[in-house]
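Observations on chain architecture
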Amino acid sequence: MSECPLIVVAFGGGVNSTAMLVEMHRRGILPALTLFADTGGERPETYRAVWLVSEWCKLKGMPPILTVSNPGPTLEADCLTRNALPSIAYGFKSCSDRWKQRPQNNYIKNIWKLKPYTKAIGFDAGESVRMRDSDDPDCKNWCPLIEWKLYREECEEICKSE
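All right, on to the sheet that holds strand 1 (residues 7–10) then. The parallel open sheet is built from five strands, whose spatial order is 3-2-1-4-5. For this open sheet the edge positions go to strand 3 (65–69) and strand 5 (139–142), each flanked by a neighbour on one side alone. Ignoring strand direction, the axes of neighbouring strands in this sheet form an average angle of 30°. In the packing of helix 1 (residues 15–26) onto the sheet, the strands contacted are strand 1, strand 2 (33–38), strand 4 (117–121) and strand 5, and the crossing angle to strand 1 comes to about 150°. Sheet contacts for helix 2 (residues 44–59): strand 2 and strand 3; angle to strand 2, the most-contacted strand, approximately 170°.

What follows is the structure in structure tokens.
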């Protein structure tokens, strides 16, 4: 686990990030903050999942999920204006940076003014190739599901059990 006691969870609204929160609770790890970056074009079931997991967090004594977003247009509006698919469709990750990482980092740095801190990211053990060091010298990325050797199937079971 990370050496930094201030843990910020990057919550994506899916199975892995939900399982990460459940396991953190089971292991006695209390994040300081949990953030969901809203691109403005998520599926209705994602928004429902964020609300449900946020309620679960409150019941378990964990911080509720806070929603942050890009101050500019939504991802969907940007795609419609440019008449183009998100950059991921072309093999790039700039939409993830612009609509997910930047809003979270902005909130952490400018609103909470956290430093140093650890960002918990919900990549499962089968996604270790996605692990990256943070570009922010005040942040250390931590992938607990990889550290705990939890694959997607186990994450699904963790969510079902809770």
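Compared with the 16 Å implied by 1.5 Å per residue over 12 residues, the 16 Å span of helix 1 between its first and last C-alpha is a close match. Listing the buried residues of helix 1 in full gives N16, S17, T18, A19, M20, L21, V22, E23 and M24. At the C-terminal side of helix 1, G28 shows a positive phi close to 75°.

Helix length check: helix 2, at 16 residues, gives a terminal C-alpha distance of 23 Å against a target of 22 Å (1.5 Å per residue), a fit within 8%. Taken together, the buried positions of helix 2 are T46, A49, V50, V53, S54, W56 and C57. Take helix 2 and look down its axis: the buried residues cluster within an arc of 160°, on one side only. Residues of helix 2 that are exposed and point more than 90 degrees away from the buried face comprise P44, E45 and L59. Buried residues in helix 2 make contact with helix 1, strand 2 and strand 3. Positive backbone phi, at 80°, marks G61, one or two positions downstream of helix 2.

The N-to-C vectors of helix 1 and helix 6 (residues 152–161) enclose an angle of 65°; their axes lie 8 Å apart at closest approach. The way helix 1 lies across helix 6 gives a crossing that is left-handed. Of helix 6, the residues touching helix 1 (which contributes V15, N16, T18, A19, V22, E23 and R26) are R152, C155, E156, I158, C159 and S161. Tallied by class, the residues present in the contact of helix 1 with helix 6 amount to six nonpolar, three polar and four charged.

Let us look at the nonpolar core. Of all hydrophobic cores here, the largest spans 23 residues; its most connected members are V9, F11, L21, M24, A120, W142 and W148. The dominant element in this core, judged by the number of residues it contributes, is helix 1, at five residues. If we ignore the near neighbours within four places in the chain, the residues touching A120 are I7, V8, V9, A10, M20, M24, W142 and P144. Of all hydrophobic cores here, the second largest spans 10 residues; its members include L35, Y107, Y117 and C139.

Basis of the calculations
Residues numbered from 1 in each chain as written. Predicted model: local features only at pLDDT ≥ 70, side-chain atom pairs only at ≥ 80, totals over all residues. Heavy atoms only, no water. Pairing = 2+ DSSP bridges. Helix = DSSP H or I, 4+ residues; strand = E, 2+ residues; numbered from the N terminus. Axes fitted to C-alpha atoms, helices over the stretch in contact; angles between N-to-C directions. Contact = heavy atoms within 4.5 Å. Expected span 1.5 Å × (residues − 1). Buried < 20%, exposed > 50% of the residue type's maximum accessible area, 1.4 Å probe, protein only. Arc of directions from axis to C-beta. Left-handed = near helix turned anticlockwise from the far one by under 90°. Nonpolar A, V, L, I, M, F, W, Y, C, P; charged D, E, K, R; others polar. Core = buried A, V, L, I, M, F, W, Y, C linked by side-chain atoms within 4.5 Å.

By themselves, these observations are geometric and do not establish any function.
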